[in-house]
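Residues per chain are reported as follows:
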Amino acid sequence: MEAWKPPPGTGVTTLTAGEHWDIVSGPASMSPPYVSNAFEHVAHILHAAQDQCTWLIPLGGTAAPRTPDPFYWAEISRYIAPLPHGTVIDLPHASRTDAEHDPRWVVAPKDQGSVAYVADPRWLVGDLAVATLHLGRPAERCEACPEPIWPEDRVSVVIPARPSGRVAHLATVHRACAERHDLKTPVTDADWAEVGL
Ligand SMILES: [Zn+2]
């Protein structure tokens, strides 16, 4: 099957998220770091007037088991996220790449001639993690629940030893998870000794 391409020319039509592709979206400031650093570069749509960058991926591409670990998407979900299905975006046509056009396709100079318009989410998520670093740190994993932890919600706690032999250790969890499971932040020397520090 031939790879998908936008219609020829310099016009603009529309594309509906969830119809043929999922569309992941972030702020326009991601465009330059993505072009500079992406390992597996694909074209993206830059819509400066809407402060938006978008990438097309296969339907369901941000969910398991299409990606090695769905948390990779969760940890950058504050900066870039799939558009809800049914959201309509402007779709620039293939030759609409000049900087004076908005929206337009952004194609890395090395990709001229063999442009990919649909990203493999397994590569894209890693490249977007780098392209979002200027917006803030990625989220951390919570040891008590599957949700990402953003800096204002994080707390270090002692996870007690288990009868199974697992030793006590220091973990990062949500404040709310710490309260729910009655996990304490180490304070005294005895607390720190418990986790071997
Ligand atoms: Zn949690």
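Numbering of residues begins from 1 in every chain and follows the order in which that chain's sequence is written. In keeping with the predicted nature of the model, local features appear solely for residues at pLDDT of at least 70, side-chain atom pairs appear and are counted solely at 80 or more, and the whole-chain, interface and lining totals rest on all residues.

### Some details on the overall build of the protein chain
Of regular secondary structure, the protein chain possesses five helices and eleven strands. Our radius of gyration looks at C-alpha atoms and nothing else; its globule reference is 2.2 Å times the residue count to the power 0.38. Expected size for 197 residues packed as a compact globule is a radius of gyration near 16 Å; at 21 Å, the protein chain overshoots this value by more than 25%. C-alpha extents for the protein chain along the principal axes are approximately 70 × 30 × 30 Å. For the protein chain, with 197 residues in total, the buried portion stands at 26%. For the protein chain, the proportion of contacts with a sequence separation of at least 24, taken over those separated by at least 6, is 75%. Helix numbering and strand numbering both begin at the N terminus, where a helix is a DSSP run of H or I of at least 4 residues and a strand a DSSP run of E of at least 2. Residue burial here comes from a neighbour count, namely the number of other C-beta atoms, placed from the backbone, that lie within 10 Å of the residue's own C-beta, with 20 or more meaning buried, 12 or fewer meaning exposed, and in between meaning partly exposed. What counts as a contact is two residues whose backbone-derived C-beta atoms lie within 7 Å of each other.

### Looking at the nonpolar core
Counting 25 residues, the largest nonpolar core has Trp-55, Leu-56, Ile-57, Ala-119, Leu-124 and Leu-128 as the members making the most contacts within it. Secondary structure elements with two or more residues in this core: β2 (21-26), β3 (44-47), β4 (52-58) and α3 (121-131). Leu-56 has contacts with Trp-21, Ile-23, Tyr-117, Val-118 and Ala-119, leaving out every residue within four places of it along the chain. As used throughout, a nonpolar core is a set of buried Ala, Val, Leu, Ile, Met, Phe, Trp, Tyr and Cys residues joined through C-beta atoms within 7 Å of each other.

### Considering the pairing of β3
Every regular strand shows the same layout, with side chains that alternate between the two sheet faces. Any two strands with at least two DSSP bridges between them are considered paired. With three bridges joining them, β3 and strand β7 (residues 104-106) adopt antiparallel strand pairing. Residue pairing in the sheet places Leu-46 in a bridge with Arg-104 of β7. Pairing of β3 with β4 involves three bridges; the strand directions are antiparallel. For Ile-45, the partnering residue across the bridge sits in β4 and is Thr-54.

### Observations concerning unusual backbone geometry
With an omega of 0 degrees, the peptide bond running from Asp-102 to Pro-103 counts as cis. In this structure, Pro-103 sits in the loop between β6 (88-92) and β7. One non-glycine residue, Asp-51, lies in positive phi territory at about 50 degrees. Mapped onto the elements of the fold, Asp-51 is located in the loop between β3 and β4. According to the C-beta neighbour criterion, Asp-51 is exposed, with 11 such atoms within 10 Å. Within the chain, Asp-182 stands out as a residue other than glycine whose phi angle is a positive 55 degrees.

### Points about the environment of Ser-156
Note that Ser-156 resides in strand β10 (residues 154-159). You can call Ser-156 partly exposed: it has 13 C-beta atoms within 10 Å. As a C-alpha pair, Ser-156 and Leu-183 span 27 residues in sequence and 9.1 Å in three-dimensional space. Aside from chain neighbours lying at most four places away, what touches Ser-156 is Leu-170, Thr-172 and Thr-185.

### What to know about the environment of Cys-177
Here Cys-177 shows up in helix α4 (residues 175-180). For Cys-177, a count of 20 C-beta atoms within 10 Å corresponds to the buried category. In this view, Cys-177 contacts Cys-142, Ala-144 and Cys-145; residues no more than four positions away in its chain are not counted.

### Some thoughts on the domain arrangement of the protein chain
Segmenting the protein chain into domains produces domain 1 (12-136) and domain 2 (141-194). For domain 1 versus domain 2, the separation of C-alpha centres amounts to 36 Å. Note that the domain bounds were set by an automatic or database domain assignment.

### Considerations on the sheet that holds β2
Pairing is antiparallel across the open sheet formed by five strands, whose spatial order is β5-β2-β4-β3-β7. The two strands at the open ends of the sheet, each matched to only one other strand, are β5 (81-82) and β7. In this structure, β2 lies alongside β4, joined through six bridges in antiparallel fashion. Of the residues in β4, the one forming a bridge with Asp-22 is Ile-57.

### Re the environment of His-85
Topologically, His-85 is positioned in the loop between β5 and β6. C-alpha separation for the pair His-85 and His-20, spaced 65 residues apart in sequence, amounts to 10 Å.

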